[in-house]
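Structure assessment
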Amino acid sequence: MCKRNRVAALLLGGFLSVGMASFEPGEGGVISALAAEEGIQEEPGTAFQDEVCSEGENVDTKSILEEQEYQILLRIVEAEAGGEDITGKMLVAGVVLNRVKSEAFPGSVTEVVYEKNNGTAQFSPTVDGRLDAISVSADTEQAVARVLGGEDISQGALYFRSVYCDGGWFDRALSRVCEYGNHIFYTL
């Protein structure tokens, strides 16, 4: 992996683990340490992507996650939101990644997607076969790339349900964030 992608991957991995507050450039934080380790000079007041990517180049979002994690993220988004537009898919991807960075959930995409709570799967495609049977669309790849690139439209949502399912526990225990397409999104 080239330097810029390795630094981007390490930064996103750290972001998913501890949150954005740790990544203030120019203050001797994680960006400075990783840039120094890779021999990249950080200039105060310059955006991170401008520092590690040469002009006209984009960070390869696929390299941000390990290949297996990336594939599982693509597949769960397709399985849960395949009939949705890019915004609906971005919302679902946002929930998965919000869970990864939340201390209330496991710390990897795979663990989040396959987690069971009191014996119940958190994502039904992991038990009904959809996760293994789908083909990932270009829209899903684009939606996941945008979310991995930092575009979070989920407002911190950690849960979602179909509009066709009973709200029961969701509506009693959680705070509703938004409704979009066939899903309603919630946070703690």
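Residues numbered from 1 in each chain as written. Predicted model: local features only at pLDDT ≥ 70, side-chain atom pairs only at ≥ 80, totals over all residues. Heavy atoms only, no water.

Another point: unusual backbone geometry. With a phi close to 55°, Asn118 is a non-glycine residue in the positive phi region. Summarising the element assignment, Asn118 is placed in the loop between strand 1 (116-117) and strand 2 (120-121). Take Asn118: its relative accessible area is 78%, and that puts it in the exposed class. Located in the positive-phi region is Gln155, a residue other than glycine, with phi close to 55°. Following the sequence through the fold, Gln155 ends up in the loop between helix 9 (138-148) and strand 3 (159-162). (Helix = DSSP H or I, 4+ residues; strand = E, 2+ residues; numbered from the N terminus. Buried < 20%, exposed > 50% of the residue type's maximum accessible area, 1.4 Å probe, protein only.)

Summed over the entire model, instances satisfying the criterion amount to five salt bridges. Across the salt bridge formed by Glu78 and Lys89, the nearest N and O atoms sit 4.0 Å from each other. Taken together, the residues span a long stretch of sequence, with Glu78 in helix 4 (residues 67-81) and Lys89 in helix 5 (residues 86-101) at a distance of eleven residues. For Glu78, a relative accessible area of 11% gives the class buried. A salt bridge links Arg161 to Asp171; the nearest nitrogen and oxygen atoms lie 3.6 Å apart. Of this pair, Arg161 sits in strand 3 while Asp171 sits in helix 10 (residues 168-173); the two residues are ten residues apart in sequence, bridging distant segments of the chain. Residue Asp171 is classed as partly exposed on the basis of its relative accessible area, which comes to 41%. (Salt bridge = Lys/Arg side-chain N within 4 Å of Asp/Glu carboxyl O.)

Turning next to the layout of surface pockets. The space that makes up the second largest pocket amounts to roughly 490 Å³. What lines the second largest pocket is a set of 23 residues, and nearest its centre among them are Ala121, Gln122, Phe160, Arg161 and Phe170. Mapped onto the lining of the second largest pocket, the elements with two or more residues apiece are helix 4, strand 2, strand 3 and helix 10. The greatest single-element share of the lining of the second largest pocket, amounting to four residues, is contributed by strand 3. (1 Å grid on protein atoms, 1.4 Å probe; cavity = no way out; pocket = protein on both sides within 12 Å on 5 of 7 lines; lining within 4 Å. Points joined across faces, edges and corners; volume = space filled by probe spheres on them.)

In this section: helix 5. The terminal C-alpha atoms of helix 5 lie 22 Å apart, and with 16 residues this matches the ideal 22 Å at 1.5 Å per residue to within 8%. Of all 16 residues that make up helix 5, 14 are buried, and the element is covered over most of its length. Of the residues that open helix 5, the one with a side-chain oxygen 3.1 Å from the backbone nitrogen of Thr87 is Asp85. (Expected span 1.5 Å × (residues − 1). Polar contact = N/O pair within 3.5 Å; in protein donor to acceptor, adjacent residues only side chain to side chain.)

This part takes up the nonpolar core. Counting residues in each nonpolar core, the largest one holds 36 residues, and the members touching the most others are Leu73, Ile76, Val96, Val109, Val144 and Phe185. At the level of secondary structure, the elements contributing two or more residues to this core comprise helix 4, helix 5, helix 6 (109-114), helix 9, strand 3 and strand 5 (183-187). Per element, the largest residue contribution to this core is nine residues, and it comes from helix 5. Dropping the residues within four chain positions of it, Leu73 is found in contact with Leu65, Ala93, Val96, Leu97, Val109, Val144 and Leu148. (Core = buried A, V, L, I, M, F, W, Y, C linked by side-chain atoms within 4.5 Å. Contact = heavy atoms within 4.5 Å.)

Per the counting criterion, the structure on display carries six aromatic pairs. Judged by centre distance (6.0 Å) and plane angle (50°), the ring pair of Phe123 and Phe160 falls under tilted. Taken together, the residues Phe123 in the loop between strand 2 and helix 7 (125-128) and Phe160 in strand 3 connect sequence positions 37 residues apart. Above the face of the Tyr159 ring, Arg99 is positioned so that its terminal group lies 4.7 Å from the ring centre. (Phe/Tyr/Trp six-rings, centres within 6.5 Å; stacked < 30°, edge-to-face > 60°. Lys NZ or Arg CZ within 6 Å of the ring centre and 35° of its normal.)

If you trace the three strands from one edge of the open sheet to the other, you get 3-5-4, paired in antiparallel fashion. At either end of the open sheet lies a strand with only one pairing partner, and these are strand 3 and strand 4 (175-180). For this sheet, the mean inter-axis angle between neighbouring strands, taken without regard to orientation, is 25°. Across four bridges, the pairing between strand 3 and strand 5 is antiparallel. Its bridge partner being in strand 5, Ser162 is matched across the sheet by His183. (Pairing = 2+ DSSP bridges. Axes fitted to C-alpha atoms, helices over the stretch in contact; angles between N-to-C directions.)

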